[in-house]
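Report on the structure
Single-letter residue listing:
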Amino acid sequence: MSDDTVKVSAAPFPPLKKPVVCTVDSDHHPKDYQFAELLPLLSKEVLQEIGRAAIRFGQLEHLLKVINKRSDKNVSLESSLEKLNGGSLGALLNGIHRGEIEKFEGLIKLAESNPQLASITDQLSRVLDLSKTRKRYLHNGIGRNSGGEFFFLHTGEPIEDSKMYVELVAASTAAVSLLSEINEKVPALKSEG
């Protein structure tokens, strides 16, 4: 192996020359929300909360994959992760079926016959509610219409910066609480520690 160093230059995306503007109806709701102003971005506080929530959602998703392993002696962590590779938090809870080879019933369905998962049924339901917030902020995209209002690109639903902040703080707080509750009800196995 060589001691040579490699230098990499990473330049930011070039600034948009013309913003792409969304058309709105008489109530200022986007008519065609595939087009929106991409700049300026959300406030620094909202961007930080999106990042914090994304990390918490990821931690929760990983814990639930580990819980699947903890709750069934015949399931390995690798098996759990392989079945859900590319799956979302919603797929982990509700299941995923891609043909006959990739099949996972979902933790909510598995809880019907698994006593350890049954002990966290309430938490799984609350995580399912959080997964909707996750999808909304991490997958639906946010833009501005020609009136300068923020909206979700996928649905066209308008949303204010302050409301985003409140929803994201609440989601992060709920995720932290759920992480603690789930770990308490289905504790780590001795071989994990």
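Residues numbered from 1 in each chain as written. Predicted model: local features only at pLDDT ≥ 70, side-chain atom pairs only at ≥ 80, totals over all residues. Heavy atoms only, no water.

Points about the overall build of the protein chain
When helices and strands are tallied, the protein chain shows seven helices and four strands. When the helices and strands of the protein chain are listed from N to C terminus, the series reads α-α-α-β-β-α-α-α-β-β-α. Evaluated residue by residue, the protein chain yields a buried proportion of 34% over its 193 residues. The contacts in the protein chain between residues at least 6 apart in sequence include a share of 55% that link residues at least 24 apart. For the protein chain, the exposed area adds up to about 12,300 Å²; of that, 55% sits on carbon and sulfur atoms. (Helix = DSSP H or I, 4+ residues; strand = E, 2+ residues; numbered from the N terminus. Buried < 20%, exposed > 50% of the residue type's maximum accessible area, 1.4 Å probe, protein only. Contact = heavy atoms within 4.5 Å. Areas by Shrake-Rupley, 256 points an atom, 1.4 Å probe, with all protein chains shown as cover.)

Brief notes about the packing of helix α1 (residues 44-70) against helix α6 (residues 121-138)
As a packed pair, α1 and α6 sit with axes 11 Å apart at the nearest point and diverge in direction by 140 degrees. Taken together, the axes of α1 and α6 lie oblique to each other. In the packing of α1 onto α6, the handedness of the crossing is left-handed. Residues Ile50, Ala54, Phe57, Leu60, Glu61 and Leu64 of α1 pack against Leu124, Val127, Leu130, Thr133, Arg134 and Leu138 of α6. (Axes fitted to C-alpha atoms, helices over the stretch in contact; angles between N-to-C directions. Parallel < 35°, antiparallel > 145°, perpendicular 65-115°, else oblique. Left-handed = near helix turned anticlockwise from the far one by under 90°.)

Examining the pattern of salt bridges
Evaluated as defined, the whole model comprises 10 salt bridges. Arg126 is the salt-bridge partner of Glu181, the closest N and O atoms lying 2.9 Å from each other. Of this pair, Glu181 sits in helix α7 (residues 161-185) while Arg126 is found in helix α6, placing the two residues 55 residues apart along the sequence. For Arg136, the salt bridge is made with Glu167, and the minimal N-O distance between the two is 3.4 Å. You can see Arg136 sitting in helix α6 and its partner Glu167 sitting in helix α7, a full 31 residues away along the chain. Bridged by salt links that share partners, the residues Arg136, Glu157, Lys163 and Glu167 form one connected network. (Salt bridge = Lys/Arg side-chain N within 4 Å of Asp/Glu carboxyl O.)

Looking at the nonpolar core
Counting residues in hydrophobic clusters, the biggest one holds 35 residues, and the most contacted among them are Leu60, Leu64, Val127 and Ile182. Of all the elements in the fold, those that place two or more residues in this core are α1, α3 (89-94), α6, β4 (150-152) and α7. In terms of residue count, α1 provides more of this core than any other element does, eight residues in total. In this structure Leu60 touches Val127, Leu130, Ala175, Leu178, Leu179 and Ile182, once residues within four positions along its chain are discounted. (Core = buried A, V, L, I, M, F, W, Y, C linked by side-chain atoms within 4.5 Å.)

Structural notes on α7
Given 3.6 residues to a turn, an α-helix orients residues that are three or four positions apart in the same direction. Its 25 residues give α7 an end-to-end C-alpha distance of 36 Å, which sits within 8% of 36 Å, the value for a rise of 1.5 Å per residue. For α7, the complete set of buried residues consists of Met164, Leu168, Ala171, Ser172, Ala175, Leu178, Leu179 and Ile182. On the buried face of α7, the contacting elements are α1, α6, β3 (142-144) and β4. (Expected span 1.5 Å × (residues − 1).)

Remarks on the environment of Ser131
Note that Ser131 resides in helix α6. Excluding its chain neighbours within four sequence positions, the residues that come into contact with Ser131 are Leu89 and Gly90.

Notes on the packing of aromatic side chains
Enumeration over the complete set of coordinates arrives at one aromatic pair. On the basis of an interplanar angle of 75 degrees and a centroid distance of 5.4 Å, the ring pair of Tyr137 and Phe152 is categorised as edge-to-face. Of this pair, Tyr137 sits in helix α6 while Phe152 sits in strand β4, placing them 15 residues apart in sequence. For Tyr137, a relative accessible area of 5% corresponds to the buried category. (Phe/Tyr/Trp six-rings, centres within 6.5 Å; stacked < 30°, edge-to-face > 60°.)

Here's the deal with the side chain of Ser172
Within the element layout of this structure, Ser172 appears in helix α7. Residue classification places Ser172 among the buried residues on the basis of a relative accessible area of 5%. Residues in contact with Ser172, not counting those within four places in the same chain, are Glu49, Arg52, Ala53 and Arg56.

With respect to the confidence of the model for the protein chain
Per-residue pLDDT for the protein chain averages 77, and the proportion of residues at 70 or more is 68%. Mean pLDDT per element in the protein chain: helix α2 (residues 77-83) is the minimum at 62, and α7 is the maximum at 95. Counting contacts from residues 1-22, a segment whose pLDDT is below 50, to residues more than four positions away or on other chains yields 19 contacts. (pLDDT = per-residue confidence, 0-100.)

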